[in-house]
Amino acid sequence: MSTRNLTRAALGAAVLAASFAAAFAAEPVGVPAQSGSIQVVGSDSSSRFVQLGIGKSVVIDLPRDIKDVLVAEPKFANAVVRSTRRAYLIGVAVGQTNIYFFDAEGRQIAGFDVAVTRDLNGIRAMLQKLLPHADVRVDGVGEGVMLSGSVANAAELAQANDVAVKLVGSADKVVNNLNVRGRDQVMLKVTVAEVQRDVIKQLGVDLNGSLSYGSAVINFNNANPFTALGQPLVEGNGATGTFKTISATLRAMERAGVIRTLAEPNLTAISGESASFLAGGEFPVPAGYTCDPTTRACQLAIQFKKFGVGLNFTPVVLSEGRISLKVLTEVSELSNENSIQLVQGTATQTIPAIKTRRAETTVEIPSGGALALAGMIQEQTKHQISGLPGLMNLPVLGTLFKSRDYVNRQTELMVIVTPYIARAVAQKDLSRPDDGFADSADPAAILLGRLNRIYGAPGKPAPAAGYSGKYGFILD
């Protein structure tokens, strides 16, 4: 009896020792044993993305019976369980939330990452009706929308953007990522022609001398100002005569001039982009002083103002051969009229003014059609008479005490704009202004006075060469 009890005690001790050995082998020394492991039942990694509109719903069928539902933020979306395996997801307000479904044993059946945006079906239907051949996708981004895909031309891109802005209510809430398939390029050929005609007539007599009567002496100096033009045409000209103590100078001058301006710039730009051109220059204008706070040394700052023939245009290809064109053309030149003079110590600097003629318009014309901006005619006439009061009104002698200044200016500007749908051209079909140019040899330059050699045009016979000077035998 005692032997059997001892055997059972030995077996119990052996089992207990084996249990302790297994426990110490599984757990490190000094670390308490864990009662159970932590498991993540539901997370975003295992969730499915669902996009809803405000007031829209999605019907979900689940594989097992639903015991518990978790909605992270009910103010954005809600879940309604109608049966043990069917649920409805309803969008409430713009935002994002998570919805999880669990069974009776606490295991996750399904998880959904719900993004609630504004209802986009109206925008999709309107774009499909307006642009049936375009590939436009509409996605919600918070309270706004994002347009993606491709359209045929820039006009369809603008229409899609306008529809989205109209339905959303604000342009800031529309992200336009549409691409234009095969964007056209527009070449603009512009001709700017201007003719100015000036007629100036000046007539006056300068008197210089003195008159005495007894002990009274009157000195006078009458110089004609020519106020209409602002200055005499030529300084110190005229016929001078002296009678006793009076010197008279007849100043008469007439000038007629014609100025012709012609520019023909050609520019090419992608549909919807802007291009600019300037044929002219820049002149310096003082713009104040810039001072160094450390050395307190000041230096005159200079800015440059542009002048010449300028062009800026923005083409938009609407459909086959139709171009919406915004054109801004400008012709400016330096002028001494309204100029100012800056005096710095002993130095005087004259800053000229700028005469500007500018035209801006937006039209829709076909490719190859010409737009003429004409009728920009300006005529200015100045006629002034200056003289001594009283004496200038005398019938004949009054001419000696007055001056007449007459200025007549006429200007006409015309701009012709012709847009073309540009296509690629081979290099061999292009020509440069210096094609066929070569410097002449020394004998030809010295003896014949030629500056360059003569070359024929491609595909045409060479020009006949001849000697331009006298040749042959000289017989005395």
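Scoring rules and cut-offs
- Residues numbered from 1 in each chain as written.
- Predicted model: local features only at pLDDT ≥ 70, side-chain atom pairs only at ≥ 80, totals over all residues.
- Heavy atoms only, no water.
- Helix = DSSP H or I, 4+ residues; strand = E, 2+ residues; numbered from the N terminus.
- Buried < 20%, exposed > 50% of the residue type's maximum accessible area, 1.4 Å probe, protein only.
- Contact = heavy atoms within 4.5 Å.
- Areas by Shrake-Rupley, 256 points an atom, 1.4 Å probe, with all protein chains shown as cover.
- Disulfide = S-S within 2.5 Å.
- Pairing = 2+ DSSP bridges.
- Axes fitted to C-alpha atoms, helices over the stretch in contact; angles between N-to-C directions.
- Core = buried A, V, L, I, M, F, W, Y, C linked by side-chain atoms within 4.5 Å.
- Phe/Tyr/Trp six-rings, centres within 6.5 Å; stacked < 30°, edge-to-face > 60°.
- Polar contact = N/O pair within 3.5 Å; in protein donor to acceptor, adjacent residues only side chain to side chain.
- Parallel < 35°, antiparallel > 145°, perpendicular 65-115°, else oblique.
- Left-handed = near helix turned anticlockwise from the far one by under 90°.
- Nonpolar A, V, L, I, M, F, W, Y, C, P; charged D, E, K, R; others polar.
- pLDDT = per-residue confidence, 0-100.

Q: Sorry if this is basic, but what is going on with the overall build of the chain here?
A: For the chain, the helix and strand inventory stands at four helices and 21 strands. Relative to its full complement of 476 residues, the chain shows a buried share of 27%. Within the chain, contacts between residues separated by at least 24 positions form 62% of all contacts whose residues are at least 6 apart in sequence. Carbon and sulfur atoms make up 54% of the accessible area of the chain, which totals about 31,700 Å².

Q: I keep staring at the state of the cysteines and nothing clicks. Help me out?
A: Disulfides are covalent bonds that link the sulfur atoms of two cysteine residues. Under the definition given, this model contains one disulfide. For Cys291, the disulfide goes to Cys298, at an S-S distance of 2.0 Å. Torsion about the S-S bond of the Cys291 and Cys298 cystine: about 100°, corresponding to right-handed handedness.

Q: Sorry, what's going on with the sheet that holds strand β10 (residues 174–180) here?
A: Paired through their backbone hydrogen bonds, the strands of a sheet run either parallel or antiparallel. Pairing is mixed in the open sheet, where three strands are placed in the order β8-β9-β10. Here the strands that pair on one side only, and so sit at the sheet edges, are β8 (135–141) and β10. Strand-to-strand twist across the sheet, computed as the mean angle between neighbouring axes with direction ignored, equals 10°. Where helix α2 (residues 121–130) meets the sheet, it contacts β8 and β9 (144–151), and its direction lies at approximately 165° from that of β8.

Q: Help me understand the nonpolar core, please; the structure alone is not making it clear to me.
A: Counting 20 residues, the largest nonpolar core has Leu188, Val190, Val192, Phe313, Val415 and Val417 as the members making the most contacts within it. Elements represented by at least two residues in this core include exactly β11 (185–213), β15 (266–270), β17 (298–319), β18 (322–344), β19 (347–366), β20 (371–387) and β21 (402–422). Among all residues touching Val417, those that are not within four sequence positions of it are Leu188, Lys189, Val190, Leu325, Val327, Gly369, Ala370 and Leu371. In this structure, Val50, Ala87, Ala110 and Val114 belong to the second largest nonpolar core, which totals 17 residues.

Q: What am I meant to see in the sheet that holds strand β4 (residues 77–81) here?
A: Taken together, three strands build an open sheet; the order of strands is β2-β5-β4 and the sheet is antiparallel. Two strands bound the open sheet, and with one partner strand each, they are β2 (57–61) and β4. Looking at each pair of strands side by side, their axes are set apart by 20° on average, direction ignored. Where β2 and strand β5 (residues 86–91) come together, five bridges link them in antiparallel fashion. Across the sheet, the residue bridging to Val59 is Tyr88, located in β5.

Q: What's the story with the packing of aromatic side chains in this structure? I'm lost.
A: Note on aromatic pairs: each is described by the distance of the centres and the angle between the planes. Scanning the entire structure with this criterion turns up two aromatic pairs. Arranged with centres 6.1 Å apart and planes meeting at 80°, the rings of Phe101 and Phe112 form a pair that is edge-to-face. With Phe101 in strand β6 (residues 95–102) and Phe112 in strand β7 (residues 108–117), this pair connects stretches of sequence that are 11 residues apart. The exposure classification of Phe101 matches that of Phe112, with both residues buried. Judged by centre distance (6.1 Å) and plane angle (55°), the ring pair of Phe283 and Phe307 falls under tilted. With Phe283 in strand β16 (residues 275–291) and Phe307 in strand β17, this residue pair connects regions lying 24 residues apart in the sequence.

Q: Looking at this structure, how should I read the side chain of Gln196?
A: Mapping Gln196 onto the fold places it in strand β11. Among the polar contacts listed, one links the side chain of Gln196 to the side chain of Glu333, at a separation of 3.2 Å. Apart from residues no more than four positions distant in its own chain, Gln196 is found in contact with Gly257, Val258, Ile259, Glu333, Lys355, Arg357, Gln410 and Thr411.

Q: Can you help me understand the packing of α2 against helix α3 (residues 154–168) in this one?
A: In a pair of packed helices, the angle between the axes and the distance between the axes together describe the arrangement. Packing of α2 against α3 brings their axes to within 10 Å, and their N-to-C directions diverge by 150°. When the axes of α2 and α3 are compared, the pair comes out roughly antiparallel. As α2 runs across α3, the sense of the crossing is right-handed. Along the contact surface, α2 presents Gly122, Ile123, Met126, Leu127 and Leu130, while α3 presents Gln159, Ala160, Val163, Leu167 and Val168. Per-class residue counts for the contact of α2 with α3 are eight nonpolar, two polar and no charged.

Q: Help me out: how do you make sense of the confidence of the model for the chain in this one?
A: Low pLDDT marks regions whose predicted coordinates should not be analysed in detail. Predicted confidence across the chain gives a mean pLDDT of 77, with 80% of residues reaching 70 or more. Long-range and interchain partners of residues 1–35, a stretch whose pLDDT sits below 50, account for three contacts in this model, where long-range means more than four residues apart.

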